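# Structure assessment
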Amino acid sequence: MNIKDAKEEYKKTFYLKDDFVLDLMFATVLSTHYIHIDSIWLMLIGAPSSGKTELISAFFKVPFVHHISDLTENTLLSGMNNTVNEPSFLINMGSYGCILMKDFTSILGMRKEKRDVILAQLREVYDGEIDKKTGNGKNPSWTGKANFIGGVTDAIYSFSEEISRMGDRNIHYILPEWDDEDRIKACVVARKNRQKEGIKTHRLHIQDVFAAYVEELIKTLPVEPPE
């Protein structure tokens, strides 16, 4: 399987005006494999119903990818005294991984104090080291590498200064806007490929295809990243 095959499987179910976004997403995920190079954080910027959610969901089964649906001040590192189930997202992820978040816009909509805390934590994650001081004696910490792919609306432009502090390799990709012709094409694809089975079945198939492609590609990657 090659990237063209993976893209075609996606486009059998979902209309994609420009499939270069998948090149970027695969590159971001695969660069996670090289733990000693800088993190890459990719933001997919588009209007509601522009396809951000389906693009990100397609990578849910890929190795070392971890999906997060919501963020609070205690999500990444909890600090709770729980000896049964570790609640900290980063500790469960391990020393490296690629974080997926379908709705980064929800963070931007938080009150400023809470948003500032979370964005500061994300900056530390980007830098590869974060710790948390608690009053109960449990002070969790994490070191490693985390790449990131998030979906967000153009509301991100209102927070450009705050977002820029998250990291120098914070890449913004603006999804192409749809015109009437694109909407017609999307409807044709939907009707043609979703008649016999529900969308959930197609979505799971794409996730399997993307996971298989990445697994095969990892086996061919050099030990050291190319210069």
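A brief report on the enclosed structure follows. (Residues numbered from 1 in each chain as written. Predicted model: local features only at pLDDT ≥ 70, side-chain atom pairs only at ≥ 80, totals over all residues. Heavy atoms only, no water.)

Counted according to the given criterion, the structure contains 13 salt bridges. In this structure, Lys-17 engages Asp-182 in a salt bridge whose closest nitrogen and oxygen atoms are separated by 2.8 Å. Note that Lys-17 is positioned in the loop between α1 (3–13) and α2 (20–31) and Asp-182 in helix α8 (residues 180–193), a separation of 165 residues in sequence. Residue classification places Lys-17 among the partly exposed positions, given a relative accessible area of 40%. According to the relative accessible area criterion, Asp-182 is buried, its value standing at 4%. Between Glu-181 and Lys-185 there is a salt bridge, and its shortest N-O distance comes to 3.5 Å. Of this pair, Glu-181 and Lys-185 are both found in helix α8, four residues apart, which corresponds to roughly one turn of the helix. The class for Lys-185 is partly exposed, based on a relative accessible area of 37%. Ionic contacts of the salt-bridge type, sharing partners, join the residues Lys-7, Glu-8, Lys-11, Asp-19 and Asp-23 into one network. (Salt bridge = Lys/Arg side-chain N within 4 Å of Asp/Glu carboxyl O. Helix = DSSP H or I, 4+ residues; strand = E, 2+ residues; numbered from the N terminus. Buried < 20%, exposed > 50% of the residue type's maximum accessible area, 1.4 Å probe, protein only.)

Next up on the list: the pairing of strand β3 (residues 96–101). Most of β3 sits inside the fold, with five of its six residues counted as buried. Bridge analysis of strand β2 (residues 65–67) against β3 gives three bridges, and the strand direction is parallel. Along β3, the bridge assignment pairs His-67 with Leu-100. Sheet analysis places β3 next to strand β6 (residues 145–152), joined by six bridges and oriented parallel. Looking across to β6, one finds that Tyr-96 is bridged to Lys-145. (Pairing = 2+ DSSP bridges.)

Any functional reading would require information beyond the geometric quantities listed.
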